[in-house]
Amino acid sequence: MADRLLTFSIFRYNPTTPEIPPRMQEYQLEETMGMSLFIALNRLREELDPSLMFDFVCRAAICGSCAMLINGRPGLACKTLTQDMPGKITLMPLPVFKLVGDLSVDTGVWFRYLNVRTEAWIHTGKVFNPKGIEERMDNPTAQAIYDAERCIECGCCIGACATANMRADFMGAALLNRIARFMIDPRDERPMAQYFDVVGTDEGVFGCIGLMACDDLCPMEIPLQGQLAFVRRKMAQMALKCARCK
Amino acid sequence: MNWSDAHISDVLVIGAGLAGERVAIEAAMHGHRVTILSLVPPRRSHSTAAQGGMQAALGNVAEGYGDNPTIHFEDTVKGSDWGCDQEVARLFCERAPVAVRQMSRWGVPWSRVVPGKRTLPDGAEIEDLQEKAGLIAQRQFGGTAKWRTCFASDGTGHVLQYAMDSVVVKLGVTVHDRCEAISLIHHGETCFGAVVIDLRTGELRPYLAKATVIATGGYGRIFGTSTNAVINEGTGMAIAQDTGLVPLGNMEAVQFHPTGIVPANILVTEGCRGDGGYLLDKNLHRFMPDYEPVKKEIASRDVVSRWMLHHIRQGYGVDSPYGPHLWLDIRHLGPEHICTDLREVHTICKNFLGIDCVEALIPVRPTQHYSMGGVRTNKDGEVYGLKGLFAAGEAACWDLHGFNRLGGNSLAETIVAGMVVGERVADFVQEQSLSFPFSLVEDAMAAQAQRLADLRSRKNGAEDAFALRHRMEETLTQNVGIFRNHDALQEAVTTLQGLYERAQNVRLRSSGLGPNPELLAALRLPGMLRLALCISFGALKRTESRGSHYREDYPRRDDDNWLKRTLAYWKPGAPMPDLQYEPVKITELPPGSRGYGEMPIEAGD
Ligand SMILES: Cc1cc2nc3c(=O)[nH]c(=O)nc-3n(C[C@H](O)[C@H](O)[C@H](O)COP(=O)(O)OP(=O)(O)OC[C@H]3O[C@@H](n4cnc5c(N)ncnc54)[C@H](O)[C@@H]3O)c2cc1C
Ligand code: SF4
Ligand code: SF4
Ligand code: FES
């Protein structure tokens, strides 16, 4: 593996220069020990093409900035090591999200919009008393909330999702997981019916076709399959209740 | 310029990390119109990377019983090596518990107390009492008399940022992400906002406000090897200083964290040592007790980092292709503990070292981590020199940390300062109306447009932005690190001065059109070099050792001459910073012994 000459085939398009059509551009780079795509892309930019656009922030697989299609599969570039890859590496921007340029996509606006739509915050009528002590919670509950809260909004599960690729308004596994997180949080006082209005729809959990591409790909290893099933079960129970009422 | 591009609000917050968002929330809850700017979506700010925790004197766990804000205050002052502002430290310690509890209300899943008996790695037996069951749990961090660091498993910063941002979303606060402030707009001694480059299109826009807040985080990346995110380039500090009126406080105070992994420089949390991990040398000897018999691995960061480097210099480092390192050993904490409270560490080791730290040792080395210095403010967060300008968080020198920050005090600072400064900002804009000369904005815009145009059109420059930047990184890392001395610092200053001159002569290799990365790198470079010069020159002039600032040629603290804070100004067009000093306020705890780090390490060791 030492001394490999890697070939990168990278999607190029800059929306501010629309006269230049989208294209794949090839670069070559000598592999170094422990090289990640973070190191490789920065070297490409500094040594070969300073106009190349991509996003990294933490470079430690915790901020969710650098998701892209790596040889066709959504993943975090910063934690992808070239030693685990063939000699030719194709990089494309994540689908579904709006393209900023080259490998950079706009996940921020997408997630903000869906966080607004799903009201992804704690709903409570209680007023905070700065003089009081905290409300108690048992540790397993805190752990369970934390496990769902670990999502870094990288968008891998969205890019991989057949439904999200077909319909622009589908929430995707990330937001359904987020909703599961609020459902199990005792601090959130929303009744189930209120969740139902938001997620008991085709843009929500009933739009999911259950192929589980998302579950395989989550870099945080969030058990999306289980989370989706949990939300679906809750919503199906609600739907049943509503049907009975009618 | 096109006035329809102008964006006007009551409060402009530059930075969407914990500090910026907390200020924004406070101002928005007071009914003001707030705009937040950020280089990246808020939830990708560097605050999310904090793993370890947030200090607040709750006294919820066995080893923390009896804790109170006064003990927290004393730890903070000692940690700062008496460099901090004691009034600020007092205020901070009193309010930190409120901050932690409010974050709980906003959704943070803090780990909770599980009552029962436990044996610690050192053999001590402790018992968490039934009456504390379900309260917020706390762990041990360096330099503290009590276990005080609240945490959410291994992802404290992440959950804090997500909960904070959920409140920003709920309140409907405007956030413009992928926007970078590249210059402040000021007239006389009043700030009116900032000129901003849109990182989606490369276009410029003015943002005008009654109050502007710098909450842009640290500058770690000017060191190149740093635990910081790649966006931490200190631009917020640089644009404030660039007004010529605003000083940066104590820029020579730079923290090195003991455990950056080698070679990726990614941090593994202090929680590893707080929870009982050891540092080992090439003979697998646990060396910290030799140097610090009482605090061992959990002395303050400046002290542990120094001993580690000293030990390496004595020949006990482990050789590697990336230079010598030491080992962090957490194997004895057991898989269950490692895979819950230290899971992030486990994942980082797997992803970036290819090892399983349940069974393997972790290669570590002290790495640049935190900036105690920053935009100097008073205790309300008002920036020295410009009315209508505020600062909070790591970008500020509120001066809670003096010459060394305690682990867990930064997350707490971002939120407490966010509350305090936010209240002041809210009051300020209440009293203020926005009026400014139109020509001022047009001039400020034109000046920045000219900078971009010059860079794009320069055909005769000889310099490469990336190459100059790498020279700066190397200079700081080699000459302005943990051990400092006159000659190395002088050399750094000379080199950086040369680079600063050459930076005026950068020529782009690419077109520089749109949101071009090379253009942005060239735009940021002069400001970064100014910060580098403030750090190096301040360090050269400070002929004593205090906290993280360690001079081999002046190895002792010198309270007679140096109980003062450096204020670095940069006059327009000057080649070098202008250093002034102000006294450090001592209100409660007079200078004394820290209780660790007493043994000086003489030059030539
Ligand atoms: C790896 C790591 C682990 C840490 N762990 C801990 C810990 O366990 N406990 C603890 O107390 N502290 C910890 N710290 C320190 C702590 O995380 C930071 O000091 C703190 O989060 C900084 O918060 P902030 O809001 O000031 O800045 P940041 O979170 O860095 O946010 C800065 C914001 O400013 C924006 N910005 C910057 N420049 C501009 C510009 N020119 N224009 C527009 N926007 C701009 C950025 O986009 C970002 O939104 C850790 C630090 C690191 C590096
Ligand atoms: S299981 Fe559902 S959410 Fe996941 S990828 Fe398939 S359709 Fe999308
Ligand atoms: S659920 Fe996983 S894959 Fe989807 S956005 Fe969150 S972290 Fe990424
Ligand atoms: S850069 Fe943060 S996840 Fe890759």
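Residues numbered from 1 in each chain as written. Chains lettered and ligands numbered in written order. Predicted model: local features only at pLDDT ≥ 70, side-chain atom pairs only at ≥ 80, totals over all residues. Heavy atoms only, no water.

(A) Broad picture of the overall build of chain A. Helix and strand counts for chain A come out as nine helices and seven strands. For chain A, the spread of C-alpha atoms along the three principal axes comes to 65 × 45 × 35 Å. Taking all 246 residues of chain A together, 56% fall into the buried category. In chain A, the share of contacts with a sequence separation of at least 24, taken over all contacts with a separation of at least 6, comes to 63%. Carbon and sulfur atoms form 56% of the exposed surface of chain A, whose accessible area is close to 10,700 Å². Computed over 27 positive and 29 negative side-chain charges, the inter-centroid distance for chain A is 6 Å. (Helix = DSSP H or I, 4+ residues; strand = E, 2+ residues; numbered from the N terminus. Buried < 20%, exposed > 50% of the residue type's maximum accessible area, 1.4 Å probe, protein only. Contact = heavy atoms within 4.5 Å. Areas by Shrake-Rupley, 256 points an atom, 1.4 Å probe, with all protein chains shown as cover. Lys, Arg positive; Asp, Glu negative; His and termini not counted. Charge placed at Lys NZ, Arg CZ, Asp CG, Glu CD.)

(B) Inspection of the packing of helix 1 (residues 18–29) of chain B against helix 11 (residues 409–431) of chain B at higher detail. All names here are of chain B. Across the interface, helix 1 lies against helix 11 with an axial gap of 7 Å and an inter-helix angle of 35°. The way helix 1 lies across helix 11 gives a crossing that is right-handed. In contact with Leu-18, Ala-19, Arg-22, Val-23, Glu-26 and Ala-27 of helix 1, helix 11 contributes Leu-411, Thr-414, Ile-415, Gly-418, Met-419, Val-421, Gly-422, Glu-423, Val-425 and Ala-426. Grouping the amino acids of the contact of helix 1 with helix 11 by side-chain chemistry returns ten nonpolar, three polar and three charged. (Axes fitted to C-alpha atoms, helices over the stretch in contact; angles between N-to-C directions. Left-handed = near helix turned anticlockwise from the far one by under 90°. Nonpolar A, V, L, I, M, F, W, Y, C, P; charged D, E, K, R; others polar.)

(C) How the structure looks around the site of ligand 1. Residue and element names in this part refer to chain B. Near ligand 1, the surroundings consist of 38 residues, among which Ser-45, His-46, Ser-47, Glu-394 and Ser-410 are the closest. The side chain of Ser-38 places a nitrogen or oxygen atom 2.8 Å from an oxygen atom of ligand 1. Elements that contribute at least two residues to the shell around ligand 1 include exactly helix 1, strand 2 (34–38), strand 9 (179–187), strand 16 (362–371) and helix 11. Among the elements that make up the shell around ligand 1, the one with the highest residue count is helix 11 (four residues). Class assignment of the residues belonging to the shell around ligand 1 gives a composition of 15 nonpolar, 20 polar and three charged. (Near = heavy atom within 4 Å. Polar contact = N/O pair within 3.5 Å; in protein donor to acceptor, adjacent residues only side chain to side chain.)

(D) Focus on the site of ligand 3. Near ligand 3 you find A:Cys151, A:Ile152, A:Glu153, A:Cys154, A:Gly155, A:Cys156, A:Cys157, A:Ala174, A:Cys218, A:Pro219, A:Met220 and A:Leu224, and these make up its full shell. Taken together, the residues of the shell around ligand 3 break down into ten nonpolar, one polar and one charged.

(E) Local environment of the nonpolar core. Within the largest apolar cluster, 108 residues are counted, with the highest numbers of intra-cluster contacts made by A:Phe8, A:Leu41, A:Leu91 and B:Ile330. Once residues lying within four places of it in the same chain are set aside, the contact partners of A:Phe8 are A:Gln25, A:Glu26, A:Tyr27, A:Leu29, A:Leu37, A:Ala40, A:Leu44, A:Ile89 and A:Leu91. In terms of nonpolar packing, the next biggest core, distinct from the first, is built from 83 residues, B:Val375, B:Val383, B:Leu523 and B:Trp570 among them. (Core = buried A, V, L, I, M, F, W, Y, C linked by side-chain atoms within 4.5 Å.)

(F) Geometry of the interface of chain A and chain B. Taken together, the 67 residues of chain A in the interface contact 73 residues of chain B. Summing the contributions of chain A and of chain B, the shared interface buries around 5,500 Å²; its carbon and sulfur component is 52%. Applying the counting rule to chain A against chain B returns six salt bridges. B:Arg101 is paired through a salt bridge with A:Glu134; the nearest N and O atoms lie 2.8 Å apart. Broken down by secondary-structure element, the contributors of at least two residues to the side of chain A that touches chain B are helix 1 (37–48), strand 7 (104–106), helix 2 (107–117), helix 3 (139–149) and helix 6 (172–183) of chain A. Sorting elements by how many residues they give to the side of chain A that touches chain B places helix 3 of chain A first, with seven residues. (Buried area = accessible area lost by both parts, 1.4 Å probe. Salt bridge = Lys/Arg side-chain N within 4 Å of Asp/Glu carboxyl O.)

(G) Focus on the pattern of salt bridges. Residue and element names in this part refer to chain B. Following the criterion strictly, the structure yields 63 salt bridges over all chains and no others. Notably, a salt bridge pairs Arg-565 with Asp-399, separated by 2.6 Å at the nearest N-O pair. You can see Arg-565 sitting in strand 22 (residues 564–569) and its partner Asp-399 sitting in the loop between strand 19 (396–397) and helix 11, a full 166 residues away along the chain. Neither Arg-565 nor Asp-399 differs from the other in exposure class; each is buried. Note that Asp-559 is salt-bridged to Arg-546, the shortest N-O span being 2.9 Å. Separated by 13 residues along the polypeptide, Asp-559 in helix 16 (residues 559–562) and Arg-546 in the loop between helix 15 (517–541) and strand 21 (550–551) bring together distant segments of the chain. Residue classification places Arg-546 among the buried positions, given a relative accessible area of 1%. Among the charged side chains, a network of salt bridges with common partners joins Asp-81, Glu-252, Asp-302, Arg-306, Arg-542, Glu-544, Arg-546, Arg-557, Asp-559 and Arg-594.

(H) Broad picture of the sheet that holds strand 1 (residues 5–12) of chain A. Residues and elements named next belong to chain A. Strand order in the open sheet formed by five strands is 2-1-5-3-4, with mixed pairing between adjacent strands. Bordering the open sheet on either side are strand 2 (23–30) and strand 4 (73–76), each of which pairs with just one other strand. Pairwise comparison of adjacent strand axes, ignoring direction, gives a mean angle of 35° for this sheet. As defined by bridge partners, strand 3 (residues 67–70) adjoins strand 5 (residues 88–92) across two bridges and the pair is classed as antiparallel. If you follow Ile-70 over to strand 5, its bridge partner there is Leu-91. On top of the sheet, helix 1 reaches strand 1, strand 2, strand 3 and strand 5; it is set at about 100° to strand 2, its chief contact. (Pairing = 2+ DSSP bridges.)

(I) Structural detail: the packing of aromatic side chains. For the coordinates displayed, the defined rule picks out 16 aromatic pairs over all chains. Measuring from centroid to centroid gives 5.2 Å for A:Phe97 and A:Trp110, while their planes differ by 75°, and the two rings are edge-to-face. With A:Phe97 in the loop between strand 5 and strand 6 (98–101) and A:Trp110 in helix 2, the pair connects residues that are 13 residues apart, well separated along the chain. Here the two residues A:Phe97 and A:Trp110 agree in accessibility, since each one is buried. Each ring, one from B:Phe390 and one from B:Phe428, has its centre 5.5 Å from the other, and the planes form 75°; the classification is edge-to-face. In this pair, B:Phe390 is assigned in strand 18 (residues 389–391) and B:Phe428 in helix 11, connecting sequence segments 38 residues apart. For B:Phe428, a relative accessible area of 7% gives the class buried. Among the aromatic residues, those joined into a cluster by ring pairs are B:Trp3, B:Phe192, B:Phe436 and B:Phe438. Note that B:Arg405 overlies the ring of B:Tyr370, its terminal NZ or CZ placed 4.0 Å from the centroid. (Phe/Tyr/Trp six-rings, centres within 6.5 Å; stacked < 30°, edge-to-face > 60°. Lys NZ or Arg CZ within 6 Å of the ring centre and 35° of its normal.)

(J) Representation of helix 14 (residues 486–502) of chain B in the model. All names here are of chain B. For helix 14, spanning 17 residues, the distance from its first C-alpha to its last is 24 Å, which sits close to the expected 24 Å at 1.5 Å a residue. Among all positions in helix 14, only Leu-489, Ala-492, Val-493, Leu-496, Leu-499 and Tyr-500 are buried. End-on, the buried residues of helix 14 take up no more than an arc of 130°, which puts them together on one face. With respect to the buried face of helix 14, the exposed residues turned more than 90 degrees away are Asp-487 and Glu-501. Against the buried residues of helix 14 lie helix 13 (465–479), strand 20 (483–484), helix 15 and strand 21. Sitting at the head of helix 14, Asn-485 places a side-chain oxygen 3.2 Å from the backbone nitrogen of Asp-487. (Expected span 1.5 Å × (residues − 1). Arc of directions from axis to C-beta.)

(K) Structural detail: helix 1 of chain A. For helix 1 of chain A, built from twelve residues, the straight-helix expectation of 16 Å at 1.5 Å per residue is met to within 8% by its first-to-last C-alpha distance of 15 Å. When helix 1 of chain A is considered as a whole, its buried residues turn out to be A:Leu37, A:Phe38, A:Ala40, A:Leu41, A:Asn42, A:Leu44 and A:Arg45. On the buried face of helix 1 of chain A, the contacting elements are strand 1, strand 2, strand 3 and strand 5 of chain A together with helix 13 and helix 15 of chain B.

Treat this as a map of the structure, not an account of what it does.
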